[in-house]
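In case you want the letters, here they are:
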There are 2 protein chains.
Amino acid sequence: MQINLDDEDVTDASTMNYNSGKYRTPDGAPTDIAIFTITSTDRAKAKKSLPRRELQVLLIKRKRWPFEGKWALPGGFTNETETVHECAKRELWEETGVKDVHMEYFNAYSAPNRDPRGWMISHAFFALVNEAELASREAASDAAEVRLFPVSEAAGMELAFDHNAILQDALAKIREKMVTTTIAKSFLPAEFTISELYQILQTVVPDFEERNFIRKITSTQSRRGIIEEVRTPGGELALSNRHSQRAAQLYRFTDYVPQLSIYR
Amino acid sequence: MQINLDDEDVTDASTMNYNSGKYRTPDGAPTDIAIFTITSTDRAKAKKSLPRRELQVLLIKRKRWPFEGKWALPGGFTNETETVHECAKRELWEETGVKDVHMEYFNAYSAPNRDPRGWMISHAFFALVNEAELASREAASDAAEVRLFPVSEAAGMELAFDHNAILQDALAKIREKMVTTTIAKSFLPAEFTISELYQILQTVVPDFEERNFIRKITSTQSRRGIIEEVRTPGGELALSNRHSQRAAQLYRFTDYVPQLSIYR
DNA sequence: GGAATAGTGTCTATGAGACAATATATA
DNA sequence: TATATATTGTCTCATAGACACTATTCC
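All residue numbers here refer to positions counted from 1 along the written sequence of the relevant chain. In the order they appear in the text, chains get letters beginning with A and ligands get numbers beginning with 1. Given that this is a predicted model, residues contribute local features only at a pLDDT of at least 70 and side-chain atom pairs are listed and counted only at 80 or more, while totals for whole chains, interfaces and linings are drawn from all residues. Hydrogens are left out, water is left out, and the side-chain values use all remaining heavy atoms of the structure.

A. Region of interest: the nonpolar core. Within this scheme, the nonpolar core is defined by two criteria: the residues are buried Ala, Val, Leu, Ile, Met, Phe, Trp, Tyr or Cys, and they are joined through side-chain atoms within 4.5 Å. The buried label applies to any residue whose accessible area, calculated with a 1.4 Å probe on protein chains only, is under 20% of its type's maximum; exposed applies above 50%, and partly exposed to all values in between. Counting residues in each nonpolar core, the largest one holds 93 residues, and the members touching the most others are Phe36, Leu197 and Tyr263 of chain A together with Phe36, Leu197 and Tyr263 of chain B. Here a residue-residue contact requires only that any non-hydrogen atoms of the pair lie within 4.5 Å. Residue contacts for leucine 197 of chain B: discarding those within four places in its chain leaves Tyr263 of chain A together with Ala184, Leu188, Phe192, Phe213, Ile217 and Phe253 of chain B.

B. Local environment of the packing of aromatic side chains. Each pair of aromatic rings taken from Phe, Tyr and Trp, with Trp reduced to its six-membered ring, is defined by centres within 6.5 Å and is described as stacked if the planes are under 30 degrees apart, edge-to-face if over 60, and tilted in the remaining cases. Per the counting criterion, the structure on display carries 21 aromatic pairs over all chains. The interplanar angle of 50 degrees and the centroid separation of 5.1 Å between the aromatic rings of tyrosine 105 of chain A and phenylalanine 125 of chain A together place this pair among those described as tilted. One end of the pair, tyrosine 105 of chain A, is in strand β5 (residues 102-109); the other, phenylalanine 125 of chain A, is in strand β6 (residues 122-128), and 20 residues separate them in sequence. For the pair tryptophan 71 of chain B and phenylalanine 149 of chain B, a centre-to-centre distance of 4.8 Å together with 75 degrees between the ring planes defines the contact as edge-to-face. Note that tryptophan 71 of chain B is positioned in strand β3 (residues 71-72) and phenylalanine 149 of chain B in strand β7 (residues 146-150), a separation of 78 residues in sequence. Of the two residues examined, tryptophan 71 of chain B and phenylalanine 149 of chain B, each falls in the buried class. The rings of Tyr105 and Phe125 of chain A together with Tyr105 and Phe125 of chain B are connected pair by pair, giving a single aromatic cluster. Counting as a charge over the ring demands two things of the Lys NZ or Arg CZ atom: a distance within 6 Å of the ring centre and an angle within 35 degrees of the ring normal. For the cation-ring pair, arginine 147 of chain B lies above phenylalanine 149 of chain B, with the distance from its terminal atom to the ring centre recorded as 4.0 Å. Each helix is a run of H or I in the DSSP string that is no shorter than four residues. Each strand is a run of E no shorter than two, and both are numbered from the N terminus.

C. A look at helix α4 (residues 163-180) of chain A. Helix span, expected: 1.5 Å multiplied by one less than the number of residues in the helix. If you check α4 of chain A, its first and last C-alpha atoms are 25 Å apart, about what 18 residues at 1.5 Å a residue would give, namely 26 Å. Along α4 of chain A, the residues classified as buried are His163, Ile166, Leu167, Ala170, Leu171, Ile174, Met178, Val179 and Thr180 of chain A.

Treat this as a map of the structure, not an account of what it does.
This is how it looks when you write it as structure tokens:
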């Protein structure tokens, strides 16, 4: 069927297609997903101490043309019967075996010739996955083909397509969102200590530094009530000493969504 | 040319296309743009008083199938030789005769069957245009085909395609950004008074209310220095009385980008 | 003088920011 | 007992938030 896609009464030839009036259409609708996680490795020296944490991104080694052998962000082609969001969700599941994680669409990449296979406008997402959820899958998959890379390392690699730019944009986005929303919860257990939260924030946003972090986040619950103390069934304050000698108060995120404003 | 788009070694038929192995591809890459402006109408009674302001969105009456006769967001099809961002910029120029305004990509709309013409993944932008820039074009265009609507009115209309949803999303987005970034500058002259800024904020975000607005925004310049006082070439404070009996201090936005954080 | 907007005074409570000091449990 | 993390004390200054009050100029 020949459809007239012309919405604007175009009469000059400049915007008409060279293909004798038939419009050129995209050759696919791919999605690319920057899947981030934070790994924890216990420090050798002291047992009861904070683990070393590192922000990692999942990459896949391409098995065929184009960019065969190069590492790339996972992704795939959207079907006609699904939205790009559904596609990304599906790809995440196929790649990592996880679902129901925080995933967000953040940009479209549409530079001509960004894909040697044809005209491809890619829809880019980022996903934040808890290390614990990823653990089971890790063992199952072939480490030579699918691997976590520290973002510092991945940023210096030569990735397939324009995935370097996509990764950079994804990083900038999660760094911004890490301090303006409560997405840090994706990298934490449901109940966590202030130190753990602080460490997670610093792992993603190295510049983040707040001397009196504990005072700020716990002061005047009524105002900045994004987290609350956890209590035992008996009603006492729940503590944890998994990473410390002295036990620390456990907190959990509330449903409160703070409204930010530069005009206060 | 038959290309293998399969990135994931798919072997089950479920993800293969019914069209005997040939992938179905999108039928176009449209962009839709929610173009906002704020109109000012002087109040009849008092001359020197704040004008009535209203947030407006530009709509176009469709001239052909599908949704012929319905109002829709302006937009058009992306060419193979441009990015979707360039396409949106071009469409904005064609539609309003303005360029170099604040325009942002905010989402992709990809529900199957959202467009009766075929499989169309639409890329949605919002643009913020100063009333002054739009004025010249207004006279030139056919008001019956291209019109500004108050957003309150447009939100209640039945628009073409899924444009109601797109408009809602665009509104939510600019309301959020209006108080977290300095995009209010798009609706203001380079030099403005505190009252004008406050009025613009309230026009876009009706809930926005700050009793001591002037104190907050002008206190301790070193911290929240998003605006600065304007001075005359002679070094005196520049004032304006276009909207008031008593002259008011003029301000301009600085380049300072405040860093927001829920963790302070 | 009244209207309409601009801007200041004042008061209290809370938060920001910096550091020192103390607390707790374990290896 | 040394160590590593958790938490509180203390002090100063800035800001939040409320609301009354004064200032300026046009009509």
